Amino acid sequence: MSDYKIETKCVQGGYTPGNGEPRQIPIIQSTTFKYATSEDMGKLFDLEASGYFYTRLQNPTNDSVAAKICELEGGTAAMLTSSGQAASFYAIFNIASCGDHVVSSSTIYGGTYNLFAVTMKRMGIEFTFVSPDCTEEELNAAFRPNTKAVFGETIANPALTVLDIEKFAKAAHAHGVPLIIDNTFATPVGCRPFEWGADIVTHSTTKYMDGHGAAVGGCIVDSGNFDWMAHADKFPGLCTPDDSYHGITYAERFGKEGAFITKATAQLMRDFGSIQSPQNAFYLNLGLESLHVRMKRHCENGLAVAKFLEANDKIEWVTYAGLENDKYYKLAQKYLPNGTCGVVSFGVKGGRKAAEEFMKKLKLIAIETHVADARSCCLHPASATHRQMNDAELEACGITANLVRLSCGLENAEDLIADIKQALE
Ligand SMILES: *Cc1c(COP(=O)(O)O)cnc(C)c1O
């Protein structure tokens with residue numbers, strides 16, 4: 001599939017049926033797999049043969065869908081996880097443990113921020129958060145001898161900042177660590193971070209990849225480019241024998257191309273079990289089959305709505321990297337030349353009350369804690385996800401009391417604009 005264009009990979013990647021086999025990816029609804037001899041099974045447990053034995057670790061349906069996402073991103077290995085949160089956790093925890101440190105962009109998804117700053121901190125992993133707009137000097141200054149990775153989002157949710165992936169990759173590699181990019185909002189249709197130097201990509205497949213608000217899920221993809229053995233002192237988990245697998249050294253046995261995902265499957269899936277259900281993987285694949293068609297429409301609708309809002313005198317400000325006046329327009333032109341995403345944020349004139357009134361009057365666009373769905377939805381963080389904060393506290397985390405986050409779906413753009421217009425009036 002690697003010679004085909006991304007649209008073809010969306011439709012046919014990951015699974016090629018043989019003669020007389022199902023055209024659609026089969027849902028292997030089985031917890032376990034049968035073997036003729038204990039010897040056969042023993043080889044699987046020693047990682048000497050590849051195969052399935054228990055769905056807590058691996059399932060063929062999941063692997064077909066992960067292989068498709070791997071092809072879309074241009075990677076060498078991939079795995080599905082039960083959620084985007086699990087993908088972020090695994091991607092970091094696979095190479096960092098108690099006493100280690102990670103550099104992260106400060107504009108990341110709120111759930112990820114909490115995972116890093118609170119929960120993983122309790123596990124002894126410290127994070128330093130840097131502005132995505134920091135200078136190279138500021139970025140380099142954030143590293144410590146025990147830094148194990150750098151993390152950022154291509155398009156941040158909900159800040160809508162665009163990451164200068166090359167700048168972050170350069171700093172990560174200068175310090176001998178990989179760059180992990182959460183590519184959820186851009187999707188590989190909009191941006192393939194590996195082409196800009198990223199080493200690992202994560203996704204919340206719950207968003208555009210599924211695209212229909214049907215199944216929570218996540219994915220991790222390895223570029224196969226990071227040379228773990230060249231930095232063996234930093235990554236003992238990959239570069240020294242694993243006693244729980246008869247002394248296998250992942251980076252030796254599976255090489256740059258396979259070590260990261262094999263270790264995450266063999267150790268983290270085995271011990272934490274955050275696997276995606278095969279049924280959800282099937283739904284995810286249905287979404288992926290039309291990802292390229294849908295992303296085009298999401299971006300067109302996002303841009304049309306952003307332009308309407310920008311020209312409307314009841315709107316104080318608009319953030320959308322596809323607008324020429326946006327702070328991130330230039331970076332978006334570089335990294336996302338075919339469009340950014342369908343999510344727009346804006347401030348309604350008149351503060352918190354005006355934003356609440358506006359939301360109440362919407363008819364077509366629903367109030368939801370979700371984004372990237374086929375159906376348009378919006379959220380007023382000050383009265384929902386961030387309602388425990390006062391205006392000053394909101395301001396400190398980059399959210400104003402009048403901020404509305406709008407996720408443009410696949411409806412007709414004129415209908416969306418008409419709904420916004422009547423609600424503003
Ligand atoms: C939603 C989201 C996540 C978390 O994903 P879940 O599937 O909800 O666990 C992580 N990163 C980004 C950018 C997201 O939008």
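In this report, we go over the structure that sits alongside the text. (Residues numbered from 1 in each chain as written. Predicted model: local features only at pLDDT ≥ 70, side-chain atom pairs only at ≥ 80, totals over all residues. Heavy atoms only, no water.)

## So, the pattern of salt bridges
- Going through the model one piece at a time under the given rule, you end up with 12 salt bridges.
- Residues Asp100 and Lys148 are paired through a salt bridge, measuring 3.0 Å at the closest nitrogen-oxygen approach. With Asp100 in the loop between α4 (84–93) and β2 (101–105) and Lys148 in strand β4 (residues 147–153), the pair connects residues that are 48 residues apart, well separated along the chain.
- For Lys148, a relative accessible area of 9% corresponds to the buried category. (Salt bridge = Lys/Arg side-chain N within 4 Å of Asp/Glu carboxyl O. Helix = DSSP H or I, 4+ residues; strand = E, 2+ residues; numbered from the N terminus. Buried < 20%, exposed > 50% of the residue type's maximum accessible area, 1.4 Å probe, protein only.)

## Observations concerning helix α17 (residues 413–424)
- Taking 1.5 Å per residue, 12 residues should reach 16 Å; α17 reaches 17 Å between its end C-alpha atoms and fits that length.
- Taken as a whole, α17 has its buried residues at Ala413, Leu416, Ile417, Asp419, Ile420, Ala423 and Leu424. Down the axis of α17, the smallest arc covering the buried residues is 155 degrees, so these residues share one side. (Expected span 1.5 Å × (residues − 1). Arc of directions from axis to C-beta.)

## Considering the side chain of Asn157
- Position of Asn157 among the secondary structure elements: in the loop between β4 and α7 (165–174).
- One polar contact links Asn157 to Arg405, side chain to side chain, over a distance of 3.0 Å.
- Once residues within four sequence positions are removed from consideration, Asn157 is found in contact with Ile108, Tyr109, Gly110, Phe185, Lys207, Val371 and Arg405. (Polar contact = N/O pair within 3.5 Å; in protein donor to acceptor, adjacent residues only side chain to side chain. Contact = heavy atoms within 4.5 Å.)

## Structural notes on the site of the ligand
- Every one of the 14 residues lining the ligand counts as a neighbour, but Asn157, Asp182, Ser204, Thr206 and Lys207 are closest to it.
- In the environment of the ligand, an oxygen atom lies 2.8 Å from a nitrogen or oxygen atom belonging to the side chain of Ser204.
- Taking Lys207, its side chain carries an N or O atom lying 2.6 Å from an oxygen atom of the ligand.
- Protein chains shield 92% of the accessible area of the ligand, which is 380 Å² for the free molecule.
- Here the residues of the shell around the ligand are counted per class, giving two nonpolar, nine polar and three charged. (Near = heavy atom within 4 Å. Areas by Shrake-Rupley, 256 points an atom, 1.4 Å probe, with all protein chains shown as cover. Nonpolar A, V, L, I, M, F, W, Y, C, P; charged D, E, K, R; others polar.)

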